[in-house]
Amino acid sequence: MKNTVVVKERDEWSSLAELIGNIVAKYADELDFDSMPDPDEYLMKRDMLEAYKTYIRERKKKLIFNIEYSGIL
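Rules behind the numbers
Throughout, residues of each chain are indexed from 1 in the direction in which the sequence is written. In view of the model being predicted, local features appear only for residues whose pLDDT reaches at least 70, and side-chain atom pairs are presented and counted only at 80 or more, with totals across whole chains, interfaces and linings using the full set of residues. Calculation of side-chain values draws on the structure's entire complement of heavy atoms; hydrogens and water are dropped beforehand. Where helices and strands are cited, they refer to DSSP runs of H or I of at least four residues and of E of at least two residues respectively, numbered from the N terminus. Whether a residue is buried, partly exposed or exposed follows from its accessible area with a 1.4 Å probe, protein chains only, as a fraction of its type maximum: under 20%, in between, or over 50%, in that order. Residue-level accessible areas treat just the shown protein chains as cover; the underlying method is Shrake-Rupley with a 1.4 Å probe. For this analysis, a polar contact is any N or O atom pair within 3.5 Å, provided that within protein one partner can donate a hydrogen and the other can accept it, and provided that sequence-adjacent residues contribute only side-chain to side-chain pairs. To estimate how far a helix should reach, multiply one less than its number of residues by 1.5 Å. Note that bend, as reported per residue, equals the angle between axes fitted to the 7 residues terminating at that residue and the 7 residues originating from it. For patches, a residue must show more than 30% relative accessible area and have no salt bridge; joins then use 9 Å for like charges and 5 Å for nonpolar side chains, namely Val, Leu, Ile, Met, Phe, Trp and Tyr. Every case where a carboxyl oxygen of Asp or Glu lies within 4 Å of a side-chain nitrogen of Lys or Arg is listed as a salt bridge. We treat Lys and Arg as the positive residues and Asp and Glu as the negative residues; His and chain ends play no part in the count. In this description, the location of a charge corresponds to atom NZ of lysine, CZ of arginine, CG of aspartate or CD of glutamate.

The next subject is the overall build of the chain. For the chain, the count of helices and strands is two helices and zero strands. By the burial criterion, 1% of the 73 residues in the chain qualify as buried. About 7,600 Å² of surface is accessible on the chain, with carbon and sulfur atoms providing 60% of the total.

What follows is about the environment of Ser35. Note that Ser35 resides in the loop between helix H1 (14-31) and helix H2 (39-68). A polar contact is formed between the side chain of Ser35 and the backbone oxygen of Asp32, at a distance of 3.0 Å.

This next bit is on H1. In this model, H1 (18 residues) spans 24 Å end to end at C-alpha, consistent with the 26 Å of a helix rising 1.5 Å per residue. Residue Ala25 marks the point of greatest curvature in H1, where the axis turns by about 35 degrees. Asp32 occupies a position one or two residues after H1 and carries a positive phi of about 50 degrees.

What follows is about a nonpolar patch on the surface. Where nonpolar side chains cluster on the molecular surface, the patch consists of Trp13, Leu16, Leu19, Ile20, Ile23, Val24, Tyr27, Leu31, Phe33 and Met36 and spans about 930 Å² of accessible area. Mapped onto the elements of the fold, Leu19 is located in helix H1.

Taken together, the side chains of Asp29, Glu30, Asp32 and Asp34 present a region of like negative charge at the surface. By relative accessible area, which is 65% here, Glu30 ends up exposed.

Counted by the stated rule, this structure contains two salt bridges. Glu41 is the partner of Lys45 in a salt bridge, and the nearest nitrogen-oxygen pair spans 3.3 Å. Of this pair, Lys45 and Glu41 both sit in helix H2, separated by four residues, roughly a single helical turn. Between Arg46 and Asp47 there is a salt bridge; the shortest N-O distance is 3.8 Å. Judged by relative accessible area, Arg46 falls into the partly exposed class, the value being 41%. Residue classification places Asp47 among the partly exposed positions, given a relative accessible area of 45%.

Now the structure itself:
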């Protein structure tokens, strides 16, 4: 009984939480959680891509600014 949680008061969300818990427990073997990709790696890649897009966008702004006011035009 190490992983058991006892809820003393039931509210309107208790039934939904119980249903979701039962579904996950029933299909855990079929879902094979161990073979799923690491969410931390996915989130890191997503954040790096967003940072790179921001860097490129800001770099383009800076290059346009430097060309316009450098006296070349």
